[in-house]
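Listed here are the chains, written in short residue letters.
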Amino acid sequence: MIELRHLRTLMALKETGSLAGAAAKRFVTQSALSHQIKELETRISAGIFVRKSKPLAFTPEGIRLLQLAEDILPRVMEAEHELKQGVNTEHHLLRVGIECHSCFRWLMPVMTRFRQQYSRANLDLSSRYLFDSLKALEANSLDVVLTSDPVPNPSLEYQHLFDFEVKLVVASDHPLANEAYVTPEQLAKHPILSYPVPIERMDIYRHFLEPAGIRPGPQIHCDLTMMLLQRIACKDGIAALPSWSIKEAHGLSLTSISLGKEGLIRPLFGAYRPHNTTSKLALDWLKLVAEEGLNRQSTKE
């Protein structure tokens with residue numbers, strides 16, 4: 001039977017062009033390499049290469065085996081790499097950076113499913129890097145980042161997870177509550193309730209108000225989603241929130257409105273370092289995030 005060591009020897013012969021070079025590449029003596037080649041030729045009842053040919057020339061049988069080696073060996077190496085990562089991920093810490101304050105609540109089911117699959121893996125969700133999370137990922141301080149604002153970087157890869165809508169949330173008796181959608185001009189000078197994020201980094205400002213040259217009213221910070229929703233209900237201001245945040249408004253009299261006729265649609269990406277030891281774990285996590293996000297998009301608010 002043809003073995004992987006035979007195929008690796010053939011590749012070494014092709015790459016070096018000599019028995020001596022192939023023996024050195026395979027870390028065996030030339031005598032041992034010759035014995036291995038003779039063993040393979042006996043098994044296939046044919047020669048592999050033309051003796052004393054310069055440069056080394058392969059027989060038709062040798063060429064067929066080379067084609068087999070070029071097809072199988074890369075797949076074997078890839079499988080070995082994936083299997084090693086699969087074993088190691090059980091002991092890895094996966095550090096997840098999140099640029100969205102409102103993501104934590106709906107990510108809880110994802111965390112539960114992830115820990116069920118990787119019972120010995122540690123998952124650390126953090127927003128401490130905020131809008132520097134991609135730099136932290138590049139610097140190996142994080143392993144994966146959820147972001148809506150990918151920055152081209154040759155050391156990082158981005159996987160699109162899903163799109164979501166950012167909606168305006170107001171009290172049900174607010175003057176804007178009955179609008180099908182709002183224009184930037186309608187929001188001029190309205191107080192904006194938000195998480196502790198600079199106004200210049202907020203989606204409603206960057207992608208809705210600023211392009212129209214509109215400045216909102218004062219910005220009022222709230223640390224928690226529930227507190228923010230309660231203040232909206234009290235008409236302390238208005239807010240722009242992802243659609244999943246609105247589902248937390250249990251018992252509150254609130255209305256969500258589209259920002260613009262087409263709505264403000266934003267993407268969510270997962271960023272990771274493709275050649276890192278945690279890359280397989282990161283991709284498994286992102287798959288669960290995408291499934292949860294798409295499931296939430298398919299349900300009504």
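Everything below is about the structure printed above this text.
The notes below deal with the structure included here.

## Some thoughts on the pairing of strand 6 (residues 157–171)
For a regular strand, side-chain orientation follows a simple rule: the groups alternate between the two sheet faces. Sheet topology note: the strand 6/strand 12 (residues 264–272) ladder contains nine bridges and is antiparallel. Residue pairing in the sheet places Val166 in a bridge with Leu264 of strand 12. With four bridges joining them, strand 6 and strand 10 (residues 239–242) adopt antiparallel strand pairing. Across the sheet, Leu168 pairs through a bridge with Ala240, a residue of strand 10. Relative to strand 11 (residues 254–259), strand 6 runs antiparallel, the two sharing five bridges.

## Describing the environment of Leu10
For Leu10, the location among the structural elements is in helix 1 (residues 4–16). Taking the relative accessible area as the measure of exposure, Leu10 reaches 2% and is therefore buried. A C-alpha to C-alpha distance of 54 Å links Leu10 and Trp106, two positions 96 residues apart in sequence.

## Focus: empty space enclosed by the protein
Under the definition given, this model contains one cavity of 30 Å³ or more. Lining the largest cavity are 24 residues, and of these Glu99, Cys100, Arg201, Met202 and Asp203 lie nearest its centre. Mapped onto the lining of the largest cavity, the elements with two or more residues apiece are strand 5 (144–147), strand 6, strand 8 (192–194), helix 7 (203–209) and strand 10. Residue composition of the lining of the largest cavity, grouped by class: 14 nonpolar, five polar and five charged.

## As for the packing of helix 1 against helix 3 (residues 30–44)
Running from N to C, helix 1 and helix 3 cross one another at 115°; their axes reach a closest spacing of 10 Å. Helix 3 is crossed by helix 1, and the crossing has left-handed handedness. Only Leu33, Gln36, Ile37, Glu39, Leu40 and Arg43 of helix 3 make contact with helix 1, whose side of the interface consists of Arg5, His6, Thr9, Leu10 and Leu13. The residue inventory of the contact of helix 1 with helix 3, partitioned by class, reads five nonpolar, three polar and three charged.

Thresholds, definitions, all that
- Residues numbered from 1 in each chain as written.
- Predicted model: local features only at pLDDT ≥ 70, side-chain atom pairs only at ≥ 80, totals over all residues.
- Heavy atoms only, no water.
- Pairing = 2+ DSSP bridges.
- Helix = DSSP H or I, 4+ residues; strand = E, 2+ residues; numbered from the N terminus.
- Buried < 20%, exposed > 50% of the residue type's maximum accessible area, 1.4 Å probe, protein only.
- 1 Å grid on protein atoms, 1.4 Å probe; cavity = no way out; pocket = protein on both sides within 12 Å on 5 of 7 lines; lining within 4 Å.
- Points joined across faces, edges and corners; volume = space filled by probe spheres on them.
- Nonpolar A, V, L, I, M, F, W, Y, C, P; charged D, E, K, R; others polar.
- Axes fitted to C-alpha atoms, helices over the stretch in contact; angles between N-to-C directions.
- Left-handed = near helix turned anticlockwise from the far one by under 90°.
- Contact = heavy atoms within 4.5 Å.

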